[in-house]
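Structural characterization, general
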Amino acid sequence: MLDKKIIDLVNHQVNKEMYSAYLYLSMANYYAEKNLEGFAHWFTLQAKEEYEHAEKFMNYIHDNGEQVILEAIEAPKSDYADPIEPLKVTVEHEKYVTDLINQIVRVAHDLCDYRTLNFLSWFINEQAEEEKTANDLLARYEIFVDGKKNLYLFDQEMKSRV
Ligand code: FEO
């Protein structure tokens, strides 16, 4: 049986993962509208991944016989100053999500909730990966994209994500 504090935090995390999906969809739309199909593809897949994270948290609540409470999803911004801005926002957003996961870990630790700690270990690893991917993407953009031609080539490369 899960403590109410954990149930509330996990339910809240469902909302944050859904917001992440929304945020990345807003970026996918921005790039699609700029004819940057590779970036649009990449962020569409990222949004799907975030939805899968939300599903994992919902399944955890159900597997423990508790109720999922969905909250309203905040609207993300829908326009960006230039093609690099979403990449910068992504880096900051993933750090924020890591903090949220760590917060649940802290509470689970205080409650000696080893089941939840075990469940969260997947997300701890996933966040390390998500932060690295976001940082690498931004760093590579900063190094290689110094004009429209390079942006085009980078966009082509972004299409290869599966
Ligand atoms: Fe579900 Fe990108 O964190």
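The present account deals with the structure reproduced in this document. What you see is a predicted model, and the numbers here were worked out from it, not measured in a lab.

Counting through the fold element by element, Phe 43 comes out in helix H2 (residues 37-63). When its relative accessible area of 0% is taken as the criterion, Phe 43 is described as buried. Dropping the residues within four chain positions of it, Phe 43 is found in contact with Tyr 24, Met 27, Ala 28, Tyr 31, Leu 87 and Thr 90.

Our next topic: the packing of H2 against helix H3 (residues 85-110). A pair of packed helices is characterised by two quantities: the angle between their axes and the separation of those axes. The geometry of H2 relative to H3 is characterised by a closest axis approach of 14 Å and an angle of 10° between their N-to-C directions. Judged by the angle between their axes, H2 and H3 are roughly parallel. Residue-level inspection shows Phe 39, Phe 43, Gln 46, Glu 50 and Phe 57 of H2 in contact with H3, the latter providing Leu 87, Thr 90, Glu 94 and Ile 101.

Moving on, we come to the packing of H2 against helix H4 (residues 114-144). At a minimum axis separation of 12 Å, H2 and H4 run at an interaxial angle of 170°. By the angle class used here, H2 and H4 are roughly antiparallel. Mapping the contact onto sequence places Phe 39, Trp 42, Gln 46, Glu 49, Glu 50, His 53, Lys 56, Phe 57 and Tyr 60 in H2 and Arg 115, Thr 116, Phe 119, Leu 120, Trp 122, Phe 123, Glu 126, Glu 130, Thr 133, Leu 137 and Tyr 141 in H4. Partitioning the contact of H2 with H4 into residue classes produces 10 nonpolar, four polar and six charged.

Basis of the calculations
- Residues numbered from 1 in each chain as written.
- Predicted model: local features only at pLDDT ≥ 70, side-chain atom pairs only at ≥ 80, totals over all residues.
- Heavy atoms only, no water.
- Helix = DSSP H or I, 4+ residues; strand = E, 2+ residues; numbered from the N terminus.
- Buried < 20%, exposed > 50% of the residue type's maximum accessible area, 1.4 Å probe, protein only.
- Contact = heavy atoms within 4.5 Å.
- Axes fitted to C-alpha atoms, helices over the stretch in contact; angles between N-to-C directions.
- Parallel < 35°, antiparallel > 145°, perpendicular 65-115°, else oblique.
- Nonpolar A, V, L, I, M, F, W, Y, C, P; charged D, E, K, R; others polar.

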